[in-house]
Amino acid sequence: MTYFELKKIFLKPVSRIVLTILAVSLCVVSYFAIGYVDYVDENGNNTIGIAAASALRDEKNKWAGYITDDVLRKVLQENALINNSKEYLSKDVTENNKAYSKKQGFSDIRDMINRAFGSFQSYNYYRADSVTQEEISSFYDRRTANLVEWLKSDEQENRYSEQEQQFLIAQYEKLKKPFYYEYADGWAALLEYAPSIIMLVVLTTGFLAAGIFSDEFQLKADSVFFSAKLGRDKAVAAKIKAGFIVVTSIYWITVVLYSGIILTVLGFGGAGCAIQNGFSNWKAFYNITYLQDYLLTVLGGYLGNLFILFLSMFASAKTHSKALAVSIPFILLFIPSFLSGISVLSEVLGLLPDQLLQVYTAVKTFNLYQIGDRVVGAVPIILTMYFILFCILLPLLYQVYRKTEIK
Amino acid sequence: MKLVLDNLTKGFGEFVAVDHINLTMTNGIYGLLGVNGAGKTTLMRMLCTLLKPTGGSIYCNGKDIFEMDGEYRNLVGYLPQDFGFYPEFTVKDYLFYIAAIKGVRPAVARKRTNELITKVGLAKAADKKLKKLSGGMKRRVGIAQAMLNNPKILILDEPTAGLDPNERIRFRNLISGLSEERLVLLSTHIVSDIEYTANEILMMKDGAIVNKGTLDEITNTMPEKVWQCPVPQQEVSSITKRYKVSNIKTDRHSVDLRVISAEKPCETAVCVSPSLEDVFLYYFGEKAGDDNDVL
């Protein structure tokens, strides 16, 4: 039965169109993700691709290891040396690029220095140029100090309770120091574009899954289906199984292909580095590695796909409307984007199912929730909450569909 | 096989579609006759467990069919009025799928599918997609799917609607051939289909069975007589105003009217045996002519 349910889904012309769109989207997103990592050669030319990633990896891995005070001082020395070179001081852009090509190897560490010695909410690209050898020893302390300063600022007054503030500070303190650093641009690029590909998967799979529980009504095949011996039990279960197989297979095939392409081109290295390494996640309070961030992102995306698409299947089982089923993923994904400007809604928006599709972004967001005496971030809450809701949704879907009356 | 409808009622809000029906059916072909909105489809849907009654019960060999659940549906084959299908499936795929949801084991399903495809004359179209079949061929697929589980209760809702005369005759013969050792309930607007095939006729009006019996019993219940009246063209209008006319046949010089009346409608009138069409018109009146396929 499940085989025939799958056949019903994949034989439709619209399914072939949707899968083609997804394949094209995968190629486009992969192209952009690969372009996220660029290398400037000694002549000042910008390149992307396998060779560029390999050259950048070689440059960055010259600085691989723990970022101790000695390493930071060495970065400042190298930075100052390049800043005094004729290429850097030249007014010609190509000359400036040549100077930058020498900084690429320690650019991530330089970015962290900019972050540490700038203010919490702003970024000054040239801040590292003025940090002294004496100051640099406070590098790790500055990260926490910036957070404390920001929490006490007028701008943040009353936003976080005392307990939440203590939680954030404790999380910052808990981060293992010194950081271990190595080239991790492959993971960074992979994660940067992961939400896009995950969202595309949920939107396109929505078209395939929408008909599983509504086609019988649209095609007027409902009477034969529900009057059959197994039409109100095993055949319903077969539909749920088919939905699960479609959602799971399309999601994981796409994610594995996307991850495989990006990591093969840009490199697998740096999986064990803390996400706070580099520019993007310096402020994140989740103390996890790139690999853990990736696993959270893809597992969260999978759970989000399951929840959103089974919710749309539930809606179609209840209303017999395919149009409603197709629109549910769009509603759940785009409505929060429109409401994101309303700050009072930020806590609620942080718990909506679209967040599961962008765990990488949620990891960088300061959404905190207090459950009893415990303060927790949004990520563990949404993972637990939507897993439970999904588990509730399955028997509900089964019951609603099996009790259908044909009027 | 014995189906007992005990005070069976189905209402949709204030509207009562099936009104306290008490009926017992055993093996044989039952023809369900009634105008649109009489409650035929609602009754059939309840018999297929697609709708739950708002009152009364249906018993199959003494057991409530809704409590029997899958055990009862295993006995049922149903061809609905609006028979939908999966357009991208081939005839074989479709029948294999329906066999699967009917709980027919794959090996049996293969054998049964091939048999039925041949029986309904679709051997050459077995690998054709359903969306490419003609209306008649689709109805034949419909009867094949209803027969897949070799049902003891076969419920056919308007099985010949939209078929050309050849297809209808073929279909009627097919249904007659299937009626051995099973209960067949056949609903149709096409009176002649029932006249030719049904052992017992059930006449339904406003949700109730108003008359039932064999063809002879039904025709004998009509208190008025049927008259064959050849009349000149100019008298047609006055007769149709005064009497129920079940047929008007125009020749070059005169018109042959079939009139239902207790008294002799004109001098030339000859009393003839009533047909089921006459009975239908008598019981259902003007409404009987509302639908294209009635006569």
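Keep in mind that what you see is a predicted model, and the values were worked out from it rather than measured.

## Side note on the state of the cysteines
Residue and element names in this part refer to chain B. Overall, the coordinates contain 0 disulfides over all chains when judged by the stated rule. Counting only cysteine sulfurs, Cys229 is the nearest neighbor of Cys266, a cysteine outside any disulfide, at a range of 3.9 Å. By relative accessible area, Cys266 is classed as buried at 13%.

## Points about empty space enclosed by the protein
Residue and element names in this part refer to chain A. Applying the stated criterion across every chain, the model contains 4 cavities of 30 Å³ or more. The computed volume of the largest cavity comes to approximately 40 Å³. What lines the largest cavity is Glu5, Lys8, Ile9, Lys12, Leu208, Gly211, Ile212, Asp215 and Lys239. For the lining of the largest cavity, the element with the highest residue contribution is helix 1 (residues 2-10), accounting for 3 residues. Class assignment for the residues of the lining of the largest cavity results in 3 nonpolar, 1 polar and 5 charged.

## As for the interface of chain A and chain B
Each partner contributes residues to the interface: chain A has 29 residues there, and chain B has 32 residues. Summed over both partners, the interface of chain A with chain B buries about 2,700 Å², with 62% contributed by carbon and sulfur atoms. Three residues stand out in chain A for area buried against chain B, namely Phe4, Val224 and Lys229 of chain A, and they jointly supply 25% of the buried area on that side. Across the chain A-chain B interface, the total number found is 3 salt bridges. Of the charged contacts in the structure, one is a salt bridge between Asp93 of chain B and Lys7 of chain A, with a shortest N-O distance of 3.0 Å. Inspection of the region where chain A meets chain B yields 12 residue pairs in polar contact (both at pLDDT 80 or more).

## Side note on helix 18 (residues 378-402) of chain A
At 3.6 residues per turn, the α-helix brings residues three or four places apart onto the same side. The terminal C-alpha atoms of helix 18 of chain A lie 36 Å apart, and with 25 residues this matches the ideal 36 Å at 1.5 Å per residue to within 8%. All of the buried residues along helix 18 of chain A are Ala378, Val379, Ile381, Ile382, Tyr386, Phe390, Leu393, Leu397 and Tyr401 of chain A.

## Overview of the pattern of salt bridges
All names here are of chain A. Scanning the model with the defined rule gives 25 salt bridges over all chains in all. The salt bridge partner of Lys60 is Asp108, with a shortest N-O separation of 2.9 Å. Within this pair, whereas Lys60 is found in helix 3 (residues 50-61), its partner Asp108 is found in helix 7 (residues 107-117), the two being separated by 48 residues in sequence. What emerges from the salt-bridge pattern is a single network uniting Glu5, Lys8, Glu216 and Lys239.

## Considering the packing of helix 10 (residues 185-209) of chain A against helix 15 (residues 322-339) of chain A
Residue and element names in this part refer to chain A. At a minimum axis distance of 7 Å, the contact between helix 10 and helix 15 shows a crossing angle of 155 degrees. One finds that helix 10 runs roughly antiparallel with respect to helix 15. The element helix 10 and its partner helix 15 pack so that their crossing is left-handed. Seen from helix 10, the contacting residues are Met199, Val202, Leu203, Gly206 and Phe207; seen from helix 15, they are Val326, Pro329, Phe330, Leu333 and Phe334.

## Here we look at the domain arrangement of chain A
Residue and element names in this part refer to chain A. Under the domain assignment used here, chain A contains domain 1 (2-35 + 183-402) and domain 2 (71-174). For domain 1 and domain 2, the distance between their C-alpha centres works out to 36 Å. Facing 18 residues of domain 1, the contacting portion of domain 2 comprises 22 residues. Across the domain 1/domain 2 interface, buried area totals approximately 2,000 Å², and carbon plus sulfur atoms make up 57% of it. Counting every contact that joins domain 1 to domain 2 gives 0 salt bridges. Counting the contacts that link domain 1 with domain 2 gives 11 residue pairs in polar contact (both at pLDDT 80 or more). Within the residue set of the side of domain 1 that touches domain 2, elements represented by two or more residues are strand 5 (368-371) and strand 6 (374-377). Taken together, the residues of the side of domain 1 that touches domain 2 break down into 9 nonpolar, 6 polar and 3 charged.

Cut-offs used in this document
Residues numbered from 1 in each chain as written. Chains lettered and ligands numbered in written order. Predicted model: local features only at pLDDT ≥ 70, side-chain atom pairs only at ≥ 80, totals over all residues. Heavy atoms only, no water. Disulfide = S-S within 2.5 Å. Buried < 20%, exposed > 50% of the residue type's maximum accessible area, 1.4 Å probe, protein only. 1 Å grid on protein atoms, 1.4 Å probe; cavity = no way out; pocket = protein on both sides within 12 Å on 5 of 7 lines; lining within 4 Å. Points joined across faces, edges and corners; volume = space filled by probe spheres on them. Helix = DSSP H or I, 4+ residues; strand = E, 2+ residues; numbered from the N terminus. Nonpolar A, V, L, I, M, F, W, Y, C, P; charged D, E, K, R; others polar. Contact = heavy atoms within 4.5 Å. Buried area = accessible area lost by both parts, 1.4 Å probe. Salt bridge = Lys/Arg side-chain N within 4 Å of Asp/Glu carboxyl O. Polar contact = N/O pair within 3.5 Å; in protein donor to acceptor, adjacent residues only side chain to side chain. Expected span 1.5 Å × (residues − 1). Axes fitted to C-alpha atoms, helices over the stretch in contact; angles between N-to-C directions. Parallel < 35°, antiparallel > 145°, perpendicular 65-115°, else oblique. Left-handed = near helix turned anticlockwise from the far one by under 90°. Domains from an automatic or database assignment.

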